[in-house]
Structure formats: C-alpha cells, structure tokens
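Observations on the three-dimensional arrangement
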Amino acid sequence: MTSQSHTTVVVKEDEANVINSLSKFIEECAEKAVKDHGKFYLGVSGGSLAKFLTKGLPSISTDWSKWLIFFCDERHVDFKNEDSTYKLYKESLLTKVDLKDEQIIKINPELSVDEAATEYVQQMKAIFTECDWPTFDLLLLGMGPDGHTCSLFPNHPLLSEDSVWVAPIKDSPKPPPCRITMTFPVINRAQHSAFAACGEGKAEMLKRVLEGDEQPPLPAAMVKSATVHWFVDKSAANLLTKFS
Ligand SMILES: O=C1O[C@H](COP(=O)(O)O)[C@@H](O)[C@H](O)[C@H]1O
C-alpha cells in the first residue's frame, strides 16, 4: 500500500483480490459510520465497479438495515433497460443480501432528465436534512478510459458545476447520452471515496490520473474527498512509478 497526502493506492495481484480488499474496506467504513451516526450513507457507480460490488458485497458482515444507497451517477433510461445501473444492482445484489428496495434511492426515469435530477436532489434533501451540502460516508467510483468519473467527462462544463447536488447531462460522450450525476462539491465533501480499476486497459489513464499533472485536470484526478482510495490490480498499476 502506498499513500500520498490524502490518496492511498492498494495494488493487488488480480481482480478477485481487488474485490476482496475493496469489500473489506466497505465493511469497515459501514461499521464506523453506523457506530458514529447510526446509518451508512453510500454512493455507488455503474460500469465495472458495479460488477465488483455484486461479486464482493454478498460475503461481507454488516447490518444491511442501516445502509442507504445512492447513485453517484445513473443513466436516464427505463429500469428495464440494460443500461440502467439500478437494474444491475437490483438483479445482482438485492437478490443476494438483506437490502430492501426502498434503501436504494433511485431516479425517476419517467420524468425528463432535468426533472429527474431535481427530484433526485429532493429525495436526498429529505434524508440529509438541515445540510447545505450532503456528506456521504463513502462514494464508490469508477474511472472510464477517458478519465471520466460519475458522468463527469473531460472538458465538459459540468466539471465546474457548483450550484446543485446532482446535475442532468444530455450530451454524455459515452452512451446513453442522458444521465444524472453528482457534482464535485458533493463528491469532494464525502468522508471517503474509493475507486476500483482492473485490467491493462486502465493502466495508461491510471498513470495520467495519479502521476500526471495535466491542466485542465482529468475528472478522476479532481476527486478530493477527505480520503481517496484506489483499489487496483497489477495490470492496471503496471505503469505507475510513484505508487507501486
Ligand atoms: O458510464 C459509466 O462509466 C464509468 C466507468 O465505467 P467503467 O466500466 O469503465 O469502469 C462508471 O463509473 C459510471 O458510473 C458509469 O455511468
């Protein structure tokens, strides 16, 4: 394990070990959060991260009744659509752990994407009462091959959005085009963020995000939660020199 300021990088032999290590970390975060304030406020992403979670989380030991799960980003599609991140968690996680559907805070895909983002914030505000900005215990993030995280893409105006908790996006370069995403003020207020990235396809971007000094910074490099943890396998970490 290597640390630099608030960033920690854990390199594991392979994907299976990344999943184990990430799951253990989530278990510990949940336990601390529940001890501290009786709930575990968790944000989850889609893509490969969702697949890691559906494999790893069923074996952790936790009080599932204390969990509230939000989407760091979500595709604005029907819940039956294969692109729906909610569908993935519902079919592959809720069937295996003692989480109830109402513990997952979902977008309403029947609304327009603008309305869905606003309504998602309203749902969040009903939970994070008396807060100007919410503080998540943990946000679980992915990094796309272009350096995007959540639905925050390189050079997109949403990177500087600082007036709303959750924003709509209608021109996502990665399909589907319409999505909702948490914004950086929310992401960077989280107690912990954790990325998971596996495979050689992530190696070049991981090097740029963790060891580059690009201006403007890549979205994944803009994540500055109180602590930022990376769980990566050897193939993804292959080009790192400072964190290895
Ligand atoms: O579209 C998305 O992509 C990112 C990265 O996904 P990955 O499969 O390349 O790891 C994901 O984190 C995000 O939630 C999702 O909407």
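Residues numbered from 1 in each chain as written. Predicted model: local features only at pLDDT ≥ 70, side-chain atom pairs only at ≥ 80, totals over all residues.

In the nomenclature of an unreviewed UniProt entry, the chain is known as 6-phosphogluconolactonase of Bugula neritina. A UniProt comment under Pathway (unreviewed entry) is attached to the chain, and it reads "Carbohydrate degradation; pentose phosphate pathway; D-ribulose 5-phosphate from D-glucose 6-phosphate (oxidative stage): step 2/3." Database annotation for the chain, UniProt heading Catalytic activity (unreviewed entry): "6-phospho-D-glucono-1,5-lactone + H2O = 6-phospho-D-gluconate + H(+)". (UniProt positions renumbered as here; feature names shortened; annotations may be inferred.)

This part is about the overall build of the chain. Broken down by element type, the chain carries seven helices and 10 strands. What you see for the chain is a C-alpha radius of gyration of 17 Å, in line with the 18 Å of a compact globule of 244 residues. Its C-alpha atoms put the chain at 45 × 40 × 35 Å along the principal axes. Among the 244 residues that make up the chain, the fraction classed as buried is 43%. (Helix = DSSP H or I, 4+ residues; strand = E, 2+ residues; numbered from the N terminus. Rg over C-alpha atoms; globule rule 2.2 N^0.38 Å. Buried ≥ 20, exposed ≤ 12 C-beta atoms within 10 Å, placed from the backbone.)

What follows concerns the site of the ligand. Around the ligand sit S45, G46, G47, S48, L49, D73, G142, G144, S151 and K174, and those are all the residues in its vicinity. Among the residues forming the shell around the ligand, the class breakdown is one nonpolar, seven polar and two charged. (Near = placed C-beta within 6 Å. Nonpolar A, V, L, I, M, F, W, Y, C, P; charged D, E, K, R; others polar.)

The residues that UniProt annotates with the feature "domain: Glucosamine/galactosamine-6-phosphate isomerase" (unreviewed entry) are residues 14-230. Along residues 14-230 the backbone is 32% helical and 16% strand, and the end-to-end C-alpha distance reaches 14 Å.

So, about the sheet that holds strand β8 (residues 179-182). Here we have three strands laid out as an open sheet, ordered β5-β8-β7, and antiparallel in their pairing. With partners counted over all chains shown, the strands left at the sheet margins are β5 (73-75) and β7 (166-169), one partner each. Averaged over neighbouring strand pairs, the angle between their axes works out to 15° when direction is ignored. Bridge count for β5 against β8 is three bridges, and the pairing is antiparallel. (Pairing = 2+ DSSP bridges. Axes fitted to C-alpha atoms, helices over the stretch in contact; angles between N-to-C directions.)

This part is about the pairing of strand β9 (residues 192-197). By the criterion of burial, β9 is predominantly enclosed, with six of the six residues buried. Neither face of β9 is exposed, since H192, A194 and A196 on one face and S193, F195 and A197 on the opposite face are all buried. Alignment of strand β6 (residues 138-141) against β9, held across four bridges, turns out to be parallel. Bridge pairing in β9 links L140 to A194. Across six bridges, β9 lies against strand β10 (residues 227-233) in parallel orientation. Residue pairing in the sheet places S193 in a bridge with V228 of β10. Since β9 and β10 lie parallel, the crossover through helix α6 (residues 203-211) that links them has a hand, and here it is right-handed. (Right-handed = clockwise from strand over helix to strand, strands pointing away.)

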